Structures are given as structure tokens and as C-alpha cells.
Amino acid sequence: MANKIPRVPVREQDPKVRATNFEEVCYGYNLEEAQLEASRCLHCKNPRCVAHCPVSIRIPDFIEQITKGDIARAAEIISEDSLLASVCGRVCPQENQCEGSCILGVKGESVAIGKLERFVGDWSHANGAAKVNVAPRNGKRVAVIGSGPAGLACASDLAKAGCEVKIFEALHKAGGVLVYGIPEFRLPKDKIMAKEVEKVKALGVEIETDVIVGRTVTIDSLMDDEGYDAVFIGSGAGLPMFMGIPGENLNGVVSANEFLTRANLMHAYDPEYDTPIFKGGRTVVVGGGNVAMDAVRTAKRLGSDAFIVYRRSEEELPARKEEVHHAKEEGIEFRMLCNPLEILGDENGVVRSVKCIRMELGEPDDSGRRRPIPVEGSEFEIECDQVIMALGTSPNPLIASTTGGLETTRRGGIVADETGATTRKGVFAGGDAVTGAATVILAMGAGRGAAKAILEYLGV
Amino acid sequence: MFKILEKRQLTRDITLMRIHAPRVAAAAKPGQFVILRVDEKGERIPLTIADYNPTEGTVTIVIQAIGASTKKLCVYAEGDSICDFAGPLGHPSEFVAEDPAALAGKRFLFVAGGVGAAPVYPQVKWLSERGIKADVIVGAKNAETLIMTDEMRAVAGNLYIATDDGSAGYKGLVTGLMSELIENEGKQYDQVVAIGPLIMMKFVTLTAGKYSLPIIVSMNPLMVDGTGMCGACRVTVDGKTRFACVEGPEFDGSKVDFDEAMRRSRQYRDLEERARKIAEERAAGHKCKIGLDK
């Protein structure tokens with residue numbers, strides 16, 4: 001029986017070594033390992049993994065091609081539904097999606113679908129991407145705002161259908177959160193991201209950087225003056241949240257967005273670059289999501305003793321299990337059930353410590369997770385030199401506030417129906433800009449859905 | 001790439017550059033700023049807009065070479081190109097959206113300190129083009145460090161100069177000249193706008209308060225992206241945290257916590273100082289063996 005084979009372990013950089021460098025943590029499978037792991041798939045008649053994939057990748061089919069050794073065909077199958085295999089194989093929360101529903105996981109370990117997807121994605125980078133058919137130009141022009149996962153996915157599908165597509169990116173580099181947010185050690189920028197972006201450009205998509213829609217141009221000027229027939233907004237959820245506690249504006253308190261942008265987009269860890277960043281000392285990261293893990297592991301690599309402070313227990317950590325596991329291996333300390341009350345500074349206004357209170361878990365709240373309740377009289381201080389707030393992000397209001405007729409929700413998300421259509425004719429939206437911070441794969445799915453709706457709207 | 005069409009040395013440390021950036025030039029308004037990057041390894045540097053010409057597609061910036069990155073920029077010559085120039089960022093000055101009828105009778109006093117004369121210029125020019133002649137005080141250490149006085153004179157109602165050592169105009173601080181105008185020369189104003197070093201804006205705000213004049217200041221905190229994404233530019237205004245890049249850069253000066261802003265502006269100074277030293281040592285052919293540049 002195929003399922004007697006244990007899950008094939010993936011080779012990783014030694015935790016002690018990798019905690020001091022920015023090289024990728026996971027080496028991924030080689031062909032032999034991938035084929036062995038692929039052979040574990042039961043090829044279920046009703047594959048639950050496909051149903052739990054936000055973009056419905058035909059998982060058993062591509063896995064079958066791996067067992068046969070036809071990786072090119074496997075790549076073709078994935079590319080029908082996803083163009084970011086190397087990215088999603090690395091950053092998707094597989095344990096809640098495909099792998100979480102794998103029948104093998106009921107009694108043993110699920111198939112390592114993410115690692116197999118990554119293997120196929122990386123193989124096509126090395127061996128030439130699957131050939132994509134691009135329809136002849138249909139004369140329609142679409143502007144895509146943002147070059148993150150939603151924008152790249154939407155632009156690709158539109159270009160394949162023959163539209164002339166231009167992506168407008170506010171920053172100086174394409175990729176959105178994949179470039180400014182996710183660290184090099186989890187998603188290599190030159191080796192992987194740059195190639196993913198090249199793939200999109202190869203479809204004929206143009207990318208103009210340094211254009212801030214809402215400031216440099218507006219949706220109205222794009223449609224009225226530059227002649228775009230439709231617009232897709234994939235501007236993400238870029239606004240960092242703070243706790244609103246005393247001491248948050250002390251020197252040494254930064255948002256995870258700032259810290260990670262300095263490290264990732266601005267290469268602050270590389271001495272060749274001019275960007276300043278805090279190194280060494282002790283760093284407290286507040287939060288328990290993937291961004292918190294990215295920030296704390298980056299701080300560690302920059303020489304800090306790094307801590308996670310999270311108000312619930314380990315069970316409720318919203319981060320991917322793999323990231324939590326990796327963080328622990330690298331020597332990150334987790335201070336669970338503890339919530340900051342105040343940040344204290346020295347006489348120069350520089351962070352000295354975080355005053356926290358212990359928490360205990362009560363009844364489940366709206367999110368279904370047990371509500372943390374402060375334990376009276378349990379205040380204590382954690383000494384540190386830097387505090388990084390990783391509490392989540394909300395959509396940037398810049399576009400909504402400069403575009404007439406575009407409704408937003410109370411939380412700042414752009415109102416869009418299930419196809420991505422907004423309240424403004426010809427304007428579509430998807431990804432974090434609509435939902436608030438979510439995942440790469442959901443954003444990609446929304447981008448693809450919107451592309452379909454845009455093609456219908458344009459009568460293509 | 002964005003080409004430097006003109007480069008002019010205004011003082012020893014202050015350089016003017018006119019950059020070809022048609023999209024920014026077409027959208028720019030007084031009070032806004034840009035973020036530029038010199039090369040692939042450079043920082044994102046926020047700089048206020050000193051002038052713009054939508055017809056030519058150019059934007060003028062004025063750079064004071066203080067940090068490693070601004071020094072690197074000032075090495076670039078006319079005809080060279082820099083790799084990024086994004087903007088305009090931030091809100092335009094409040095008066096841009098004001099009712100022209102109400103604006104017509106308004107008496108403005110602009111107070112510019114040092115390189116702050118650069119962002120003041122497009123504001124005074126914009127008003128002048130609409131028939132509103134604003135008074136302007138330009139302050140500097142001495143006559144050698146004064147900038148843009150000729151340009152300013154052409155658009156201002158009255159131009160007053162203050163230097164610390166009296167080598168040009170009034171001898172003393174801009175706040176002293178401000179009091180002089182109001183108390184001894186019978187000048188009356190409805191609105192004061194101050195742009196310059198934080199310490200100067202703090203004291204102009206106090207002086208404006210003394211005469212019960214509304215005061216607007218333009219904050220220039222640390223920034224990374226300039227689009228609201230990083231929060232490095234947090235400023236406390238009226239007890240609330242605001243992001244200067246998207247909610248500013250101009251705020252009611254009487255509500256700004258200047259002491260916090262001054263402290264926050266030092267956040268990376270030590271690190272920048274170290275970066276500058278390393279850059280100098282490298283330029284001199286030194287390779288660090290004890291890992292200081294790691």
C-alpha cells in the first residue's frame with residue numbers, strides 16, 4: 001500500500017546556521033524525493049484537497065504526473081489554475097487547505113502537497129515555464145492597480161485573453177507583499193519572485209512602478225484620459241495597526257510593515273544597501289500571525305534575542321504551523337498568554353521595556369477562539385530595545401477616497417460582489433483590498449475571478 | 001529612470017535639481033512631496049517639491065546633503081538619471097481646496113527656515129498666480145546659506161530676510177522678525193505657515209500663538225514607503241497618532257507634539273552616522289575586518 005510510506009521529510013538548513021543568515025530555510029524536494037512523496041497519493045475519487053484549494057488546482061492529477069516523471073505536464077496542469085506555484089508552494093497555509101483535508105492525514109500524515117507544488121514550480125523556473133497560449137490582441141485595455149498576488153493573477157488571465165494590460169505599482173519593485181512583506185529566507189526574491197514577475201511580463205503585461213494611484217493618477221484619469229476600458233484594484237491591505245497603548249511612539253517601536261519593508265524591499269540586512277535597521281539587542285514582537293513570525297525571525301537573523309508576545313495560547317496562533325515550528329527551532333522565545341499594557345522608555349525616549357499582563361482563556365468569542373482575559377495583578381516587564389507591532393493591517397484608503405462612486409465597508413475594504421465588481425461601473429477589485437488581510441492564494445483566486453468578470457464586462 | 005535636466009549648487013551643502021518626471025509634474029500641488037531613490041541600493045528619500053512645471057514635465061527638488069543617501073544624490077550630475085521618483089505624495093496645502101472668494105482677502109505670512117524655503121516657494125507662487133500676495137520671511141544662519149531669495153521675491157508681497165549673524169537682513173531669529181513685523185510695523189495676518197527645522201516650527205508656532213494666529217506646519221518625519229504602509233512617520237497631533245505621509249504633511253502647528261517629533265527624528269541617526277562613516281572609509285579604500293559594516 002502506497003500509504004505505508006511515511007511522509008518524505010524535506011531537507012532544511014540547520015536551524016543554528018540559518019538563524020544567522022537570510023538564505024532560504026527549506027531546500028525543497030529533489031526529483032527522487034518528490035516522486036517518492038507523490039507515490040503516497042491515494043488518488044481519491046472525490047479529492048477533498050481540490051475542494052479545499054481556493055483556486056481548485058487539480059492536485060491528484062499533477063501529483064500523478066510527478067510519479068510518472070513528466071514534470072512538464074505537472075507544471076501545465078498547475079498553471080491552468082495557478083501561475084504562482086513556487087510562491088504558493090512556499091507560503092500557502094496548506095494545513096488548513098489541501099493538506100488539512102487530505103484523507104491520509106486522518107490517521108497519519110497528509111501528502112506534502114505544498115512541497116510537491118513548490119518542486120514543480122521551481123522545476124519550471126529551471127527548465128523553462130510551461131508554454132502559455134496568448135490570444136491575439138482584442139483591442140481592450142485594462143489597468144491593474146498593484147502588483148501583488150491579486151494583481152499579477154488578474155493581469156495574467158487578462159493578457160492571456162488578448163487584453164492590453166498595464167500594472168501600476170506604487171513601490172519601486174513589482175510583487176507587492178511578496179516583495180516587501182515576506183522575507184528572503186521564506187521566499188527568495190531574485191531566485192523565485194523576480195522569475196514569477198518575468199513570467200507575467202512574458203505574457204505581454206507591462207508594469208509601471210512608482211505610480212501611486214490616488215495621487216500620481218486617479219482611476220478617473222486612467223479611464224478618461226489614458227483610455228483604459230476597465231480597472232482592477234488589487235492594492236492590498238497595507239495600513240499597519242497599532243495597539244493604542246502608552247509609549248507606542250517611543251523610539252524603537254515600529255510596525256512589522258516598517259521593519260519587514262526595511263529588511264525585505266530595502267535589503268537592510270545587506271551591507272551593500274544604505275537602509276538603516278535596528279540590529280542586535282532584544283526585540284519583542286507583539287502578535288501571533290505569519291507577519292509576526294516573519295518579523296521575529298528577521299530580528300533574530302539581525303542579531304537580536306527575539307521574543308513573541310501573544311495574548312492567547314499557542315493553540316490559537318494564527319500563523320502557519322511550519323513557521324511557528326521553524327521559529328522555535330531557530331531559538332525564538334514564545335511568551336504566550338501575555339498582553340502589552342504599556343511600553344516604557346528611558347530618559348531619551350528610547351524603548352526600555354514592555355509592561356505586560358498575564359492572560360487566561362475564557363469563553364469562545366466571535367472568531368470562535370477562546371477570549372483572552374487579563375489576570376488581575378499579574379503585571380510584569382520584559383526588557384527590550386525594540387518593539388515590533390504585528391497586529392494586522394487594514395486596506396489603504398487612498399484609492400477609495402479619490403475615486404467617486406466607490407463604496408467601502410466600515411473596515412475600509414472596497415465593496416465588491418463575488419465576481420469582483422465594485423459599485424463603480426468598469427471598476428473591479430479583489431484580494432486584501434476587499435477582504436482585509438488574508439492569504440496570497442485567496443488574493444490570487446480573487447484576481448482570477450475578477451479577470452473573468454472583466455472579460456465578460458468587456459464582451460471578450 | 002528619471003533624468004536630471006538641471007543641477008545647480010545653491011549653497012555649499014544645498015543643491016537644486018530639476019527632474020524629468022511628467023506624471024508627478026502633472027499631478028503636483030503646493031504642499032506635496034516626492035520619494036526618490038538614487039540607485040538600486042539607495043534608500044527611499046522623501047523630499048518636498050520646490051517647483052513643478054506640467055508643460056515641461058519637470059519637478060524641482062532642493063537637497064541638503066546631510067546623510068549618506070542625500071550626499072550620494074548630490075554627486076549625480078546634470079544629464080544623469082536616478083532610478084525612482086514617485087509622487088506627488090501627501091495632501092496639498094489646505095488653501096488649494098479653499099473657496100477662491102474666501103481666499104482672495106486672506107493675509108498669509110510664510111516663515112521659511114533654511115532649506116524650508118524650497119517647499120514654501122510653490123505655495124507662495126500658487127497664491128501669487130491667483131492674485132494673492134503673501135508676505136514671506138526667509139531665515140538662515142548667514143547670507144551664504146540663504147536660498148531662493150530671488151525666486152521668492154518675484155512671487156511674494158514682501159520678502160523679509162533674517163540671519164542669525166545679521167549678514168543679510170534682520171539680525172536674529174525668524175520669530176524675532178515675526179514679532180517685529182506684527183508689533184512695530186503694524187502688519188496683520190490671518191494665517192501663518194511655517195516650514196523648516198522642527199525646532200524652528202515649534203517656536204514659530206509659539207509666536208503665532210502669542211498673536212492668536214492660526215498656524216500650519218509641514219512635518220518631515222522619517223518615512224519608508226510614503227503611502228501609509230509603514231507608519232515610520234507617526235506624528236502626535238491633538239493627542240492622536242497620525243501618519244504624516246498620508247494624513248499630512250501639513251498639520252495645525254498648535255496641536256503638534258514637536259518634542260516627540262524631534263525625538264523621533266533621531267531614531268536612526270546613530271545608524272545613519274555609522275553608515276556615513278563606513279561609506280567614507282570604503283571610498284578611501286578601507287575594508288572593515290571587524291564586521292562593523294555588517
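Everything below is about the structure printed above this text.
Everything numeric here is computed off the predicted structure, so don't read it as measured data. (Residues numbered from 1 in each chain as written. Chains lettered and ligands numbered in written order. Predicted model: local features only at pLDDT ≥ 70, side-chain atom pairs only at ≥ 80, totals over all residues. Heavy atoms only, no water.)

Draft legend 1. Region of the structure containing the overall build of chain A. Helices and strands together make up the secondary structure of chain A, namely 18 helices and 16 strands. In terms of overall dimensions, chain A is globule-like: its C-alpha atoms have a radius of gyration of 23 Å, near the 23 Å expected for 460 residues. C-alpha extents for chain A along the principal axes are approximately 65 × 60 × 50 Å. Within chain A, buried positions represent 58% of all 460 residues. (Helix = DSSP H or I, 4+ residues; strand = E, 2+ residues; numbered from the N terminus. Rg over C-alpha atoms; globule rule 2.2 N^0.38 Å. Buried < 20%, exposed > 50% of the residue type's maximum accessible area, 1.4 Å probe, protein only.)

Draft legend 2. Looking closely at the interface of chain B and chain A. Between chain B and chain A, the residue contacts involve 46 residues of the former and 44 residues of the latter. Summed over both sides, the interface of chain B with chain A buries roughly 3,800 Å², with 50% coming from carbon and sulfur. Across the contact surface, chain B and chain A share three salt bridges. Across the salt bridge formed by B:Lys72 and A:Asp274, the nearest N and O atoms sit 2.7 Å from each other. (Contact = heavy atoms within 4.5 Å. Buried area = accessible area lost by both parts, 1.4 Å probe. Salt bridge = Lys/Arg side-chain N within 4 Å of Asp/Glu carboxyl O.)

Draft legend 3. Structural detail: the nonpolar core. Residues and elements named next belong to chain A. Membership of the largest hydrophobic core comes to 81 residues, with the highest contact counts inside it found for Ile59, Phe62 and Leu158. It is helix α18 (residues 440-458) that provides the largest number of residues to this core, a total of 10 residues. Counting residues domain by domain, this core receives three or more from each of domain 1 (2-127) and domain 2 (141-237 + 394-458). Those residues in contact with Leu158 that lie beyond four places of it in its chain are Val142, Val144, Cys163, Val165, Ala451, Ile454 and Leu455. (Core = buried A, V, L, I, M, F, W, Y, C linked by side-chain atoms within 4.5 Å. Domains from an automatic or database assignment.)

Draft legend 4. Representation of the state of the cysteines. All names here are of chain A. This model, assessed by the stated rule, comprises zero disulfides over all chains. With no disulfide of its own, Cys41 lies 6.4 Å from the sulfur of Cys44, the closest cysteine sulfur. Under the relative-accessibility criterion, Cys41 is labelled buried at 14%. With no disulfide of its own, Cys49 lies 6.5 Å from the sulfur of Cys41, the closest cysteine sulfur. Under the relative-accessibility criterion, Cys49 is labelled buried at 10%. (Disulfide = S-S within 2.5 Å.)

Draft legend 5. Quick look at the side chain of A:Arg18. Residue and element names in this part refer to chain A. Position of Arg18 relative to the elements: it lies in helix α1 (residues 15-18). Judged by its relative accessible area of 0%, Arg18 is buried. Within the structure, the side chain of Arg18 is placed 2.9 Å from the backbone oxygen of Gln13, a separation counted as a polar contact. Aside from chain neighbours lying at most four places away, what touches Arg18 is Glu12, Gln13, Val25, Arg301, His326, Glu329 and Glu330. (Polar contact = N/O pair within 3.5 Å; in protein donor to acceptor, adjacent residues only side chain to side chain.)

Draft legend 6. Representation of the pairing of strand β4 (residues 45-53) of chain B within the structure. Residue and element names in this part refer to chain B. Note that strand β3 (residues 33-37) and β4 share four bridges and pair antiparallel. Within β4, the position partnered with Val34 by the bridge is Leu47. Between β4 and the antiparallel strand that follows it, strand β5 (residues 58-64), lie four residues; Gly57 among them carries a positive phi value of about 70 degrees. (Pairing = 2+ DSSP bridges.)

Draft legend 7. Up close: the pairing of strand β1 (residues 2-9) of chain B. Residues and elements named next belong to chain B. With two bridges connecting them, β1 and strand β6 (residues 81-82) associate as antiparallel partners. Following the sheet pairing, Phe2 is matched in β6 by Ile82. Pairing analysis gives five bridges linking β1 to strand β2 (residues 14-20), with the strands arranged antiparallel. Looking at the pairing, Glu6 lines up with Arg18 of β2. Here β1 folds back onto β2 in antiparallel fashion, the turn holding four residues.

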